[in-house]
Amino acid sequence: MSLPQPVPPSWKDLGKSSNDLLTKDYPFFGTALEVKSKTPSGVTFKVAGLRDSKSQAINGDIEAKYSDPKNGLVFTETWTTSNILKSQLELENYLAKGLKLDFSASLVPDSGSKSALVNLVYKQSGVHTRGALDVFRGPTFTTDTVFGRDGFLFGAEAAYNVTEGKISRYATAIGYNAPEYAVTVHGLNNLNTFSASYYHRVSPDVEAGAKAVYDAKSTTSGVALEVGAKAYLDSAAFVKAKINNAGVLALGYTQTLRPGVKASFGLALDTQRLNDVVPTGPAHKVGASFTFEV
């Protein structure tokens, strides 16, 4: 008799270990600040801001989130400095076990622009599927499903434009997840873009990963390649490094100063232009991020 299969990751989380390793904790696009607090009644407040080092613009948002774990209810309200109002209502495991309803909407009062997205997620042993209806764009119905068995994963996604009566986008992916490593191959953008990612937990303190992307419709030929690694210095600090085939080297350092206080620093260097007085193309970048949680 076969053992019960775990719930596989969602479509958007296929290859997540590698993506997180190569994209998170590199705050070199500016200076970011995030403050979180939680009330005894279950309401969480978050204020976040980012000063872009290139444009010098400061963008931010304030978020309030109410959670009722007993009934699987989460309600989130967000207001951004661009004067965009966002609302999200999530209801999980209330109507049926493994079923999640998610309604998201946004409004720009200045222009009257609005959006609404209805999501339905169902996950059980060996399967993770989702259906989403974008009410005002198309409308467009998107569905994706991931099947998993004994570590092997197979997923597919398709978007259908209701007004035009045709499939507007499709993609597929295969992968394998093990406790210490993961491999994922995607065929995206109507199978015009292919990516392969690899993640390996070398030891409890060291992680490594790589990602290669080939775009059949890109004006530049060849494969984009990026490799990176993460090393824990101790229980409160880690360093990260990555480099791509364009010669851009990125470094990141994250330190937990005390419970609820975290600082991250990032640096990106174009190694092909280190000696240029005024670098052209991708410029050297530096940034920092600070998080306070009380």
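Residues numbered from 1 in each chain as written. Predicted model: local features only at pLDDT ≥ 70, side-chain atom pairs only at ≥ 80, totals over all residues. Heavy atoms only, no water.

Novice: Could you clarify how one ought to interpret the pairing of strand β11 (residues 166-177) in this entry?
Specialist: The side chains of a regular strand alternate, residue by residue, between the two faces of the sheet. Examined bridge by bridge, strand β10 (residues 152-161) and β11 share ten bridges and lie antiparallel to one another. Bridge assignment links N161 to a residue of β11, and that residue is K166. Taking the residues between adjacent antiparallel strands as the criterion, β10 and β11 are bridged by four residues, where G165 takes a positive phi near 70°. Here β11 pairs with strand β12 (residues 181-188) via six bridges, running antiparallel. Its bridge partner being in β12, A173 is matched across the sheet by H186. (Pairing = 2+ DSSP bridges. Helix = DSSP H or I, 4+ residues; strand = E, 2+ residues; numbered from the N terminus.)

Novice: It is not clear to me how the pattern of salt bridges should be interpreted in this structure. Could you clarify?
Specialist: It is possible for side chains of opposite charge to pair when their charged atoms get near one another. Summed over all chains, the structure comprises 13 salt bridges. We note a salt bridge from E157 to R169, for which the minimum N-O separation is 3.3 Å. Taken together, the residues span a long stretch of sequence, with E157 in strand β10 and R169 in strand β11 at a distance of twelve residues. When its relative accessible area of 13% is taken as the criterion, E157 is described as buried. R169 gets classed as partly exposed once you look at its relative accessible area, which sits at 32%. Three or more residues are tied together by salt bridges with common partners; here these are K16, D20 and K24. (Salt bridge = Lys/Arg side-chain N within 4 Å of Asp/Glu carboxyl O. Buried < 20%, exposed > 50% of the residue type's maximum accessible area, 1.4 Å probe, protein only.)

Novice: Which parts of the structure should I look at to understand the nonpolar core?
Specialist: Where a protein is soluble and globular, its nonpolar side chains tend to be buried together. In terms of nonpolar packing, the biggest core is built from six residues, these being W11, L14, V146, L153, A171 and A173. Ignoring sequence-local partners within four residues, the contact set of A171 consists of W11, A156, E157, G187 and L188. (Core = buried A, V, L, I, M, F, W, Y, C linked by side-chain atoms within 4.5 Å. Contact = heavy atoms within 4.5 Å.)

Novice: Is there a simple way to think about unusual backbone geometry in this case?
Specialist: Here the residue pair G138 and P139 is connected by a cis peptide bond, since its omega of -5° sits within 30 degrees of zero. Relative to the elements of secondary structure, P139 occurs in the loop between β8 (127-134) and β9 (140-149). The phi dihedral of D25 falls on the positive side, at around 65°, and the residue is not glycine. By relative accessible area, which is 25% here, D25 ends up partly exposed. A positive phi angle, near 60°, is found at N190, a position not held by glycine. Mapped onto the fold, N190 is located in the loop between β12 and β13 (193-203). You can call N190 partly exposed: its relative accessible area is 27%.

Novice: I would appreciate a short explanation of the side chain of T193 in the present structure.
Specialist: Tracing the chain through its elements places T193 in strand β13. Of the polar contacts made by the side chain of T193, one reaches the side chain of D215; its length is 3.4 Å. When neighbours within four sequence positions are excluded, T193 is seen to be in contact with H186, G187, L188, V213, Y214 and D215. (Polar contact = N/O pair within 3.5 Å; in protein donor to acceptor, adjacent residues only side chain to side chain.)

Novice: Explanation requested: the environment of R137 in the structure shown.
Specialist: Within the element layout of this structure, R137 appears in the loop between β8 and β9. When its relative accessible area of 61% is taken as the criterion, R137 is described as exposed. Linking R137 and G209, residues 72 residues apart in sequence, is a C-alpha distance of 36 Å.

Novice: What is the right way to look at the packing of aromatic side chains in this model?
Specialist: Both the distance between ring centres and the angle between the ring planes are used here to describe each pair of aromatic rings. Tallied over the entire structure, the rule returns six aromatic pairs. Geometrically, the ring pair formed by F28 and F29 is tilted, given 4.7 Å between the ring centres and 45° between the ring planes. Classification of F28 by relative accessible area gives buried; the value is 9%. Seen from their ring centres, Y176 and Y181 are 6.0 Å apart, and the 40° between their planes marks the pair as tilted. (Phe/Tyr/Trp six-rings, centres within 6.5 Å; stacked < 30°, edge-to-face > 60°.)

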